[in-house]
Amino acid sequence: MSTAQKIEIIRTNNPKPKPADVSKLGFGNYFTDHMFIMNYDEGKGWHSPRIVPYGPLSLDPAAMCLHYGQEVFEGLKAYRTPDGEAVLFRPDRNMARLNLSNERLCIPLIDEEFALKALKLLVKIEKNWIPDGEGTSLYIRPFIIATDPHIGVRPASHLLFIIILSPVGAYYPQGINPVNIYVERKYVRTVRGGTGYVKTAGNYAASLKAQDEAYSQGYTQVLWLDGVERKYIEEVGTMNVFFKIDGEIITPALQGSILGGITRMSCIELLRHWGYRVSERPITLDEVEKAAERGLLEEAFGTGTAAVISPIGELKVDDRNIVINDNKIGEVARRLYDTLTGIQTCRIDDPFGWVVKID
Ligand code: COI
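What comes next concerns the included structure. Fair warning: this is a prediction, and the values are worked out from it, not measured in the lab.

### Let's talk about the site of the ligand
Okay, step 1: The full set of residues close to the ligand is Phe-27, Tyr-171, Lys-199, Tyr-204, Thr-238, Gly-304, Thr-305 and Ala-306.
Okay, step 2: The contact in question runs from an oxygen atom of the ligand to an N or O atom on the side chain of Lys-199, over 2.5 Å.
Okay, step 3: Protein contact buries 90% of the 280 Å² of open area that the ligand shows by itself.
Okay, step 4: Assessed atom by atom at 2 Å from the grid points, the ligand resides in the largest pocket.
Okay, step 5: Classifying every residue of the shell around the ligand by side-chain character gives four nonpolar, three polar and one charged.

Right under this line is the structure:
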């Protein structure tokens, strides 16, 4: 598809009222007035890009995405700057990762430049939906679904690429406050060779059972271990995870079952820029427990687009309870949160060129 392809715009006649109290937005509860859609048909490629009123899709009950989960998605945010402008954070990385996911799920690649142009146009049209308030943003959810009406298992020949927008507050009600997490022993998220390194619905469906059991035991989320030896730490909830042990900041290396988070990458770059020793390497649960016993476990936190930085205040390992940094927000987590959200909203300088304005 050519980047010059024209995007048709059909505006709604019934704009919705915007949520009145932005402090009560929560995450993913409201959707804006318009969405972007384009079709893929074998032989024709991606075509008919359009921005239309937000509303239900009409799908054949045999649509393949409903049966076999041939789906990929992304998550990024638009922010309102103090000058009232709309900006995005490293959106090119999301488009590149969408194609990485496409490749793994046998979905035809998109033109990243064109998809970004469409995304920017949609955000521009919905600019007034970007909430103004501490910790708020407009969450952007691009996704692709297989729509062939077919019950056999094979890659689809017909798909839809859709972008929807949701004004959001904090992902966890706790916000930046520390969460309690338990180490998941029974379930695994994914394994090497699987789909853990890409963003596809199945990874999240597979995580629900563990999340549900964690909630019912009073925990916010689980710490995922590797699916083979069950000893290496992989992720926390829907986030990447970092530990600070005796001055070294460690995050599990991307080895095929861990998502290459854009917040993860940005944290590593910021931490190195500040002079911290950062290691992307395998880290075992045992290493974390031993460090805690010796008083060397200084901080632990999750990173992701939705929650940004989520400090871990308590880690339950079987019948043992590790309290980290007195269950308080750590210095590194706080600095990362303030700097990332400051750059993302243009409240502080962006020496890295990460912020992209929507004009
Ligand atoms: C993220 O934080 O990047 C996520 O993917 C969370 C999302 C599943 C809500």
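So, next bit.
### Re empty space enclosed by the protein
Okay, step 1: Taken as a whole and judged by the stated rule, the model has three cavities of 30 Å³ or more.
Okay, step 2: Taken as a whole, the largest cavity holds about 90 Å³ of empty space.
Okay, step 3: Taken together, Gly-75, Leu-76, Lys-77, Tyr-79, Phe-89, Asn-94, Ile-262, Thr-263, Gly-304, Thr-305, Val-308 and Gln-344 make up the lining of the largest cavity.
Okay, step 4: Mapped onto the lining of the largest cavity, the elements with two or more residues apiece are strand 5 (76-80) and helix 5 (262-273).
Okay, step 5: When residues in the lining of the largest cavity are grouped by element, the largest group, three residues, is from strand 5.
Okay, step 6: In the lining of the largest cavity, the residues fall into five nonpolar, six polar and one charged.

### Some details on the packing of helix 2 (residues 91-104) against helix 3 (residues 112-125)
Okay, step 1: Helix 3 packs onto helix 2 with a crossing angle of 125° between their chain directions and a minimal axis gap of 10 Å. Considering their axes alone, helix 2 and helix 3 lie oblique with respect to each other. Helix-helix and strand crossings are classified by hand; for helix 2 and helix 3 the assignment is right-handed. In this structure, helix 2 contributes Pro-91, Asp-92, Met-95, Ala-96 and Asn-99 to the contact, and helix 3 contributes Glu-112, Ala-115, Leu-116 and Leu-119.
Okay, step 2: Along the lines of polarity and charge, the residues of the contact of helix 2 with helix 3 split into six nonpolar, one polar and two charged.

### Thoughts on the pairing of strand 10 (residues 221-225)
Okay, step 1: Along strand 10, five of the five residues are buried, which leaves the element largely enclosed by surrounding structure.
Okay, step 2: Note: strand 9 (residues 179-183) against strand 10, three bridges, orientation parallel. When the sheet's bridge partners are listed, Ile-181 is paired in strand 10 with Gln-221.
Okay, step 3: Alignment of strand 10 against strand 11 (residues 233-236), held across three bridges, turns out to be antiparallel. Note on strand 11: the bridge partner recorded for Leu-225 is Ile-233.

So, how was this worked out
- Residues numbered from 1 in each chain as written.
- Predicted model: local features only at pLDDT ≥ 70, side-chain atom pairs only at ≥ 80, totals over all residues.
- Heavy atoms only, no water.
- Near = heavy atom within 4 Å.
- Polar contact = N/O pair within 3.5 Å; in protein donor to acceptor, adjacent residues only side chain to side chain.
- Areas by Shrake-Rupley, 256 points an atom, 1.4 Å probe, with all protein chains shown as cover.
- 1 Å grid on protein atoms, 1.4 Å probe; cavity = no way out; pocket = protein on both sides within 12 Å on 5 of 7 lines; lining within 4 Å.
- Sits in = over half its atoms within 2 Å of the grid points.
- Nonpolar A, V, L, I, M, F, W, Y, C, P; charged D, E, K, R; others polar.
- Points joined across faces, edges and corners; volume = space filled by probe spheres on them.
- Helix = DSSP H or I, 4+ residues; strand = E, 2+ residues; numbered from the N terminus.
- Axes fitted to C-alpha atoms, helices over the stretch in contact; angles between N-to-C directions.
- Parallel < 35°, antiparallel > 145°, perpendicular 65-115°, else oblique.
- Left-handed = near helix turned anticlockwise from the far one by under 90°.
- Contact = heavy atoms within 4.5 Å.
- Buried < 20%, exposed > 50% of the residue type's maximum accessible area, 1.4 Å probe, protein only.
- Pairing = 2+ DSSP bridges.

Keep in mind these numbers describe shape, not what the thing actually does.
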